[in-house]
Amino acid sequence: MPTLVIKLDFTKALDSVNWLSLLKILEARGFPEKWSRWMELLLKTSLSAVLVNGVPGPWIDCKRGLRHGDSLSPYLFLLVADVLQMLIKKEAGIHHPMADGPCPVLQYADDTIILVRAELGDARKLKDALDMFSNATGLTINFHKSTVTRMNLPQGALQSFMDILQCKEGSFPRRSDSVSGAQCLVAWDNVCRAKEDGGLGIKQLDTQNACLLMKLLHRLHHPADSAWAHWIGAHVHLPDLGGDMARAHWTALRDLLPAYQCITIVSVGDSRDTSFWDDTWLLDVPLADKMPALHSHFTARATSVRDVLGAGLRNLLQHRLTAQATEELEHLEVLLQDIDLIQSPDQRSSFFEDGDSHRLCKAP
């Protein structure tokens with residue numbers, strides 16, 4: 001689905017918050033009146049001074065903005081920034097890129113990223129919402145420094161959206177093959193050890209990334225209310241993740257599939273999402289490991305249990321089997337006689353699940 005990724009740049013974010021707007025937001029959020037008066041008192045008693053050669057000049061009364069260095073300021077700013085999400089959710093003309101409903105708005109400190117469907121009507125409605133937000137809260141958006149990045153959209157089509165949003169074209173970070181003239185002087189193997197083992201306890205980013213991707217694989221088999229998982233499930237072949245996905249992150253997911261299959265077991269239902277050879281569903285290990293000779297005679301590409309049972313196992317094997325493969329085939333056919341498929345999804349579980357939530361547990 002053609003998508004726009006918009007990164008907003010706020011002009012002096014903390015310095016431009018409108019106090020009256022902030023107090024109205026606190027009231028609308030249900031904060032007690034006493035708390036709001038405290039916040040108003042903190043804001044209106046703020047004073048600033050300019051250092052000239054290290055000597056502070058006359059005090060300047062502040063009329064807007066939040067105090068820098070105050071531990072409350074980031075939270076107050078997020079309350080104001082959250083108004084943008086509310087405006088976008090209420091605007092029916094701004095659509096999620098892949099599902100029905102409002103588009104995602106990601107907020108971290110004063111960085112805001114919006115994912116919106118690449119339609120001219122959506123872009124116009126979003127621009128109106130951004131202008132309305134700026135006028136109401138005082139958070140001025142510097143559109144000339146903000147960026148819009150295309151996903152699944154032809155290069156030539158981006159200019160129309162840039163004209164509407166008044167943003168420049170952005171791009172995703174790319175991993176360089178090498179860093180010229182740079183040498184790593186940190187012993188990362190030692191640094192990443194646990195503190196009790198003499199290290200600093202810093203996580204290995206490649207390991208952390210693999211764990212997060214593994215959770216995405218698990219989500220595909222337990223989609224619940226995940227729009228992403230439902231959309232992917234309708235476009236790919238889950239037993240081997242085959243499909244028309246050709247992005248780098250999808251290649252990384254495919255590479256992790258064997259490791260994921262090693263930590264999960266399947267109770268087959270309709271057997272659509274279970275790999276016949278690589279999942280643990282019939283024995284206590286995958287059939288490819290238990291019957292390697294027979295597996296080597298299998299002519300079809302990676303396929304599901306349902307596909308094999310529907311086509312007939314013998315029809316998918318080479319005509320001349322070795323003695324070992326023949327023995328394994330006879331044993332497997334006996335096991336398959338007891339398999340009765342039912343009209344319900346396969347149930348996949350993992351040794352690392354957190355209770356009944358079907359979520360992979362976190363490391364301690």
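This text goes with the structure placed above it.
A short tour of the structure in this document, coming up. The structure presented is a predicted model; accordingly, all values stated were derived computationally and were not measured.

### Here we look at the pairing of strand β12 (residues 264-267)
Only one face of β12 is covered, namely the one carrying T264 and V266; the face carrying I265 and S267 has none of its residues buried. Here four bridges tie β12 to strand β13 (residues 347-350), and the two strands are oriented antiparallel to one another. The residue bridging V266 from the neighbouring strand is R348, located in β13.

### Topic: the pattern of salt bridges
All chains considered together, the criterion is met by eight salt bridges. The closest approach of N and O atoms between E40 and K44, which form a salt bridge, is 2.8 Å. Here the residue E40 and the residue K44 both occupy positions in helix α2 (residues 33-44), the gap between them amounting to four residues, near one helical turn.

### Brief notes about the packing of helix α1 (residues 19-28) against helix α3 (residues 73-90)
With their axes 10 Å apart at the nearest point, α1 and α3 run at an angle of 80 degrees to one another. The pairing of α1 with α3 is recorded here as roughly perpendicular in orientation. Residue-level inspection shows L22, I25 and L26 of α1 in contact with α3, the latter providing L76, L79, V80 and V83. A breakdown of the residues in the contact of α1 with α3 according to their chemical character gives seven nonpolar, no polar and no charged.

### What about unusual backbone geometry?
In this model, N152 sits at a positive phi of 55 degrees, which is unusual for a non-glycine residue. With respect to the element layout, N152 can be found in the loop between β8 (147-151) and α5 (158-165).

### Details of the sheet that holds strand β7 (residues 111-117)
With mixed pairing, five strands are arranged side by side in an open sheet as β6-β7-β1-β8-β9. With one partner strand each, in any of the chains shown, β6 (105-108) and β9 (168-169) form the two edges of the open sheet. Where strand β1 (residues 3-8) lies against β8, five bridges are found, and the strand directions are antiparallel. Its bridge partner lying in β8, K7 is registered against T147. Where α3 meets the sheet, its contacts fall on β1, β6 and β7, and the angle it forms with β6 comes to roughly 175 degrees. Sitting on the sheet, helix α4 (residues 120-137) is in contact with β1 and β7, with an inclination near 150 degrees to β7.

About the thresholds
- Residues numbered from 1 in each chain as written.
- Predicted model: local features only at pLDDT ≥ 70, side-chain atom pairs only at ≥ 80, totals over all residues.
- Heavy atoms only, no water.
- Buried < 20%, exposed > 50% of the residue type's maximum accessible area, 1.4 Å probe, protein only.
- Helix = DSSP H or I, 4+ residues; strand = E, 2+ residues; numbered from the N terminus.
- Pairing = 2+ DSSP bridges.
- Salt bridge = Lys/Arg side-chain N within 4 Å of Asp/Glu carboxyl O.
- Axes fitted to C-alpha atoms, helices over the stretch in contact; angles between N-to-C directions.
- Parallel < 35°, antiparallel > 145°, perpendicular 65-115°, else oblique.
- Contact = heavy atoms within 4.5 Å.
- Nonpolar A, V, L, I, M, F, W, Y, C, P; charged D, E, K, R; others polar.

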